[in-house]
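Residues per chain are reported as follows:
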Amino acid sequence: MASDSSPAPTASLRERWEALRQAQPGIRARDAAERLGVSEAELAQTAVGETMVRLEGDPRAMIEALGTLGRVMALTRNASIVHERWGTYEEIHTNAMHVLVLGPDIDLRIFPRQWRHAYAYDSGLSARRRMRGLQFFDSAGVAVHKVYLGDASNLEAYAALVETFRAPVQDVPVVAEAPPGPPERRRPEDVDAFLEGWASMTDTHDFFGLLHEHRTDRLPALECALGRFVREVSADVFETLLRRASDARQELMLFVGNRGCIQIHTGPVQRIVNLPKAPAPVEWLNVLDPDFNLHARAPDVARAFVVTKPTEDGDVTSVELYDEAGRTLVQIFGPRKPGIPEQPSWRRLVAGLA
């Protein structure tokens, strides 16, 4: 017999979703989708006609329209880390493969081919606190990016965006494809040639081409470079790094992404909070600052590395965290611009990690 928190599978998805919300008020859509064995986009579709409006159109045009909304909160996440940043969508540049948002606050690298489903959300006047936003999903129905409006957002521009991209047919079932599996962990066939190519890099972006050229994946590539360009550190190093950066007022660049979007915070981290608090084991590591929040599920970090890449401006150092399957969870750099060497203060902070 199904319990209250596990609705009968013979009920419609909409009924099962409502029953789960009644049993667990406040449950997040991503967690509910996992409990119900569906994708988050499928849950969104069940609310069309009530709190959701299905959108369709060129993702590039939708992203450009985000620049009209004023101050909003941009959210990008993967399975383990949530990255939230308040600001405006500025300096939006599009090309055949990517969309770049290069504002001082909202900084994104977007891969629009992965954006398959889109919805506008409005909790309505009956909600205790009315919320509006936009949600974008990939072909597996996994959220790649979300936008939430705040008190300073342009509501007229939001309404215009929704009307512009409102799908003529709203009742269209979401057919979610199977999500991609974990990385294959292919090692370079010629490790010496791979490391020679690493040593010859002149820009950190060369690394992507190097991986492709040698048909390898990130984690085995780092393993091949241990002792030369890579140093493995404790898997729980993230909290240490954040707290030391906060104490030293060291600004960071934090990259969190999925296959459809990478979101970057450049700036300080100040208020670091563990939940639950001691003596219970830390489940979530949080940065709770006025314009930037980050939520990391601490137990998901399986391995951590300090990585050095040569560039025309000198070596660039990052800290990279991976889960048990070899997926990249977050990359952390010191702030820098092309033509400017890496900050010595960032190098000193990283050198002290163990």
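Everything below is about the structure shown above.
None of the values given here were measured: they were computed from a predicted structure.

When you go through the protein chain residue by residue, the secondary structure sums to 10 helices and 18 strands. Computed over its C-alpha atoms, the radius of gyration of the protein chain comes to 21 Å, within 12% of the 20 Å expected for a compact globule of 354 residues. Dimensions along the principal axes, computed over C-alpha positions, put the protein chain at roughly 55 × 50 × 45 Å. Counting all 354 residues of the protein chain, 47% fall into the buried class. Restricting the contact set of the protein chain to residue pairs at least 6 apart, pairs at least 24 apart contribute 59%. Counting only carbon and sulfur atoms, one obtains 51% of the accessible surface of the protein chain, whose full area is about 17800 Å². Seen as two clouds, the 41 positive and the 49 negative side-chain charges of the protein chain have centres 3 Å apart.

Time to look at the packing of helix α1 (residues 13-23) against helix α2 (residues 29-36). Contact geometry for α1 and α2: axes closest at 11 Å, N-to-C directions at 120 degrees. Taken together, the axes of α1 and α2 lie oblique to each other. Crossing geometry of α1 relative to α2 is assigned as right-handed. Contact residues: Leu13, Arg16, Trp17 and Leu20 in α1; Ala29, Ala32, Arg35 and Leu36 in α2. For the contact of α1 with α2, the per-class residue count stands at 6 nonpolar, no polar and 2 charged.

Quick reminder: α-helices carry 3.6 residues per turn. Residues three or four places apart thus point the same way. Among the residues of helix α6 (residues 191-199), Phe194, Leu195 and Trp198 are the ones counted as buried. Viewed end-on, α6 has its buried residues packed into an arc of 95 degrees, placing them on one side of the element. Residues of α6 that are exposed and point more than 90 degrees away from the buried face comprise Asp192 and Glu196. Of the surrounding secondary structure, the elements contacted by the buried residues of α6 are α7 (206-213), α8 (218-224), β10 (230-233) and β16 (303-309). The backbone nitrogen of Asp192 has a side-chain oxygen 3.3 Å away, supplied by the residue at the start of α6, namely Asp190.

What the 9 strands build is an open sheet, ordered β4-β5-β6-β12-β11-β18-β17-β16-β10; its pairing is antiparallel. The two strands at the open ends of the sheet, each matched to only one other strand, are β4 (92-94) and β10. Direction aside, the axes of adjacent strands within the sheet are offset by 20 degrees on average. Packed on one face of the sheet, helix α10 (residues 344-351) meets β10, β11 (252-257), β16, β17 (316-322) and β18 (328-333) and runs near 40 degrees to β17.

Angle between the axes and distance between the axes are the two parameters that describe a pair of packed helices. One can describe the packing of α6 onto α7 by two numbers: an axis separation of 10 Å at closest approach and a directional angle of 165 degrees. The pairing of α6 with α7 is recorded here as roughly antiparallel in orientation. In the crossing of α6 with α7, the sense of the turn from one axis to the other is right-handed. Residues Phe194, Gly197 and Trp198 of α6 touch α7, and the partners they reach there are Phe207, Leu210 and Leu211.

What counts as what
Residues numbered from 1 in each chain as written. Predicted model: local features only at pLDDT ≥ 70, side-chain atom pairs only at ≥ 80, totals over all residues. Heavy atoms only, no water. Helix = DSSP H or I, 4+ residues; strand = E, 2+ residues; numbered from the N terminus. Rg over C-alpha atoms; globule rule 2.2 N^0.38 Å. Buried < 20%, exposed > 50% of the residue type's maximum accessible area, 1.4 Å probe, protein only. Contact = heavy atoms within 4.5 Å. Areas by Shrake-Rupley, 256 points an atom, 1.4 Å probe, with all protein chains shown as cover. Lys, Arg positive; Asp, Glu negative; His and termini not counted. Charge placed at Lys NZ, Arg CZ, Asp CG, Glu CD. Axes fitted to C-alpha atoms, helices over the stretch in contact; angles between N-to-C directions. Parallel < 35°, antiparallel > 145°, perpendicular 65-115°, else oblique. Left-handed = near helix turned anticlockwise from the far one by under 90°. Nonpolar A, V, L, I, M, F, W, Y, C, P; charged D, E, K, R; others polar. Arc of directions from axis to C-beta. Polar contact = N/O pair within 3.5 Å; in protein donor to acceptor, adjacent residues only side chain to side chain. Pairing = 2+ DSSP bridges.

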